[in-house]
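Here's the letter readout for the chains.
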Amino acid sequence: MIYMDNSATSPTLEEIFKEMQPYYEKKFGNASTLYKMGLEAKKAIEKSRKQVANLINAEPQEIIFTSGGTESDNWAIKGIALKELKKATSENKRNHIITSQIEHPAVLESCKFLETLGFEITYLPVYTNGIIKIEDLEKAIKKETILITIMNSNNEIGTIQPTKEIGKIANKYNITFHSDAVQSIGKIPVDVKKDNIDLLSISSHKIYGPKGIGALFIKKGTKLEKFMHGGGQENGKRSGTENIPAIVGFGKACEIAKRDLKQNMEHNQEIRDQLTKKILTRIPESFVNGDLVKRLPNNIHFRFSGIEGEALILRLEEKGLCAATGSACSSEKLEASHVLTALGIDPALAHGSLRLSIGIENSIDEVDEIVNDIDEVVKTLRNMSPLWDSINNEYIELDESVFTE
Ligand SMILES: *Cc1c(COP(=O)(O)O)cnc(C)c1O
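Residues numbered from 1 in each chain as written. Predicted model: local features only at pLDDT ≥ 70, side-chain atom pairs only at ≥ 80, totals over all residues. Heavy atoms only, no water.

1. Quick word on the site of the ligand
The local shell around the ligand holds 13 residues, among which Thr70, Asp180, Gln183, Ser203 and Lys206 are the closest. Here an oxygen atom of the ligand sits 2.6 Å away from a polar atom, N or O, in the side chain of serine 203. Within the side chain of lysine 206, one N or O atom sits 2.8 Å away from an oxygen atom of the ligand. When the free accessible area of the ligand is taken as 380 Å², the share hidden by the protein chains comes to 88%. Considering each element in turn, the shell around the ligand owes the most residues, three residues, to helix α3 (residues 69–87). Split by residue class, the shell around the ligand holds two nonpolar, eight polar and three charged. (Near = heavy atom within 4 Å. Polar contact = N/O pair within 3.5 Å; in protein donor to acceptor, adjacent residues only side chain to side chain. Areas by Shrake-Rupley, 256 points an atom, 1.4 Å probe, with all protein chains shown as cover. Helix = DSSP H or I, 4+ residues; strand = E, 2+ residues; numbered from the N terminus. Nonpolar A, V, L, I, M, F, W, Y, C, P; charged D, E, K, R; others polar.)

Spelled out as structure tokens, the structure:
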């Protein structure tokens, strides 16, 4: 069994699980209590906060633990919007937010929700390479703009946005900048100070930590409305009894991610580049979705004309390879991924996509087996496809009128 779906989630490392275990057993205290067990829990949280802060070059007090990337995205966006809504008067109403068309659903759906409250959202295009243009961003800014929320890197196609340049623009116009860096931490360097980031979403389970834990980095001085009201944990910003074992595991995952970053980047990229070279030369009409260079070292996203991604995934699983088509969140829906559509890819062709996301458990020795498996499955599916001409080995482009009644 080869697992190449690390952008969906990653296994919890034994080293990390071992750190968590005592906090389920003997050290089960509530961090709000005054006796030794409570203090022990509190100390564990503060240690983790430092480990998390270190990974992204933040100060520990700027890290607030959440239940994961989804909550962090929701909180950052709605928190800024609600703060503004409270301040707004009938003459002075700032209600504009800028994002991109290829954000994670946690961002896009939060923005769509805000539209129902009267906010106006600009969804920047990303062109065929999957990257926004800074000129478009600057042009979209108005005096009502309160927030720019653009992801650090994309969860489907792995393209990396010009975060540093976005930070500069946000700073120039004095607009809060939120970035979803869930896919970036542990894969490429992320530095909130260098990049002028005000709010940053991160999650544990994509970097070999436990699920259901993440954090929102809130730069000192950035004001946003509370998302969870209650007993005042997390410095009054995010109430609820802390999930200590998960927090401990997340901290350890961040420590390891920082320690091994360079080595993992090289490891991932070597496998990624071999896979890319071999697939593109071996399989006719195979393409890469998104920029070839400005992408995460552990992500490669192929497109094969004439086949269905769902069938591809199921047949690859039979051969022992776990991979994805589109994003995990939309794998039950049949419409083409919003990310691939934003790249301008014909929905019929977008369906034949395959995401391989590499992790530390993969090895370069697996490459040939993976390429063989994909080649075989693609051939089989194409032989059954009405959209593939097996004699000339090419895609049959259908006349548009076939689809209209
Ligand atoms: C996985 C992911 C999320 C959601 O994080 P969870 O911790 O699973 O809620 C948000 N954004 C991106 C880019 C992701 O890849």
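2. Remarks on the packing of helix α8 (residues 261–282) against helix α12 (residues 367–384)
The relative placement of two packed helices is expressed as an angle between their axes plus a distance between the axes. Put simply, α8 and α12 touch, their axes get as near as 10 Å, and they point 35° apart. By crossing handedness, the relation of α8 to α12 is classed as right-handed. Of the residues in α12, those in contact with Ile271, Gln274, Leu275, Lys278, Ile279 and Arg282 of α8 are Val367, Asp368, Ile370, Val371, Asn372, Ile374 and Asp375. (Axes fitted to C-alpha atoms, helices over the stretch in contact; angles between N-to-C directions. Left-handed = near helix turned anticlockwise from the far one by under 90°. Contact = heavy atoms within 4.5 Å.)

3. Examining the sheet that holds strand β3 (residues 96–100)
In space, the seven strands of this open sheet follow the order β2-β8-β7-β6-β5-β3-β4, with mixed pairing throughout. In the strand order of this sheet, the two ends are held by β2 (63–66) and β4 (120–124), each with one partner. Between one strand axis and the next, the sheet turns through 20° on average, direction left out of account. In this fold helix α4 (residues 105–115) packs onto β3, β4, β5 (145–149) and β6 (176–180), with an angle of close to 150° to the strand it touches most, β4. (Pairing = 2+ DSSP bridges.)

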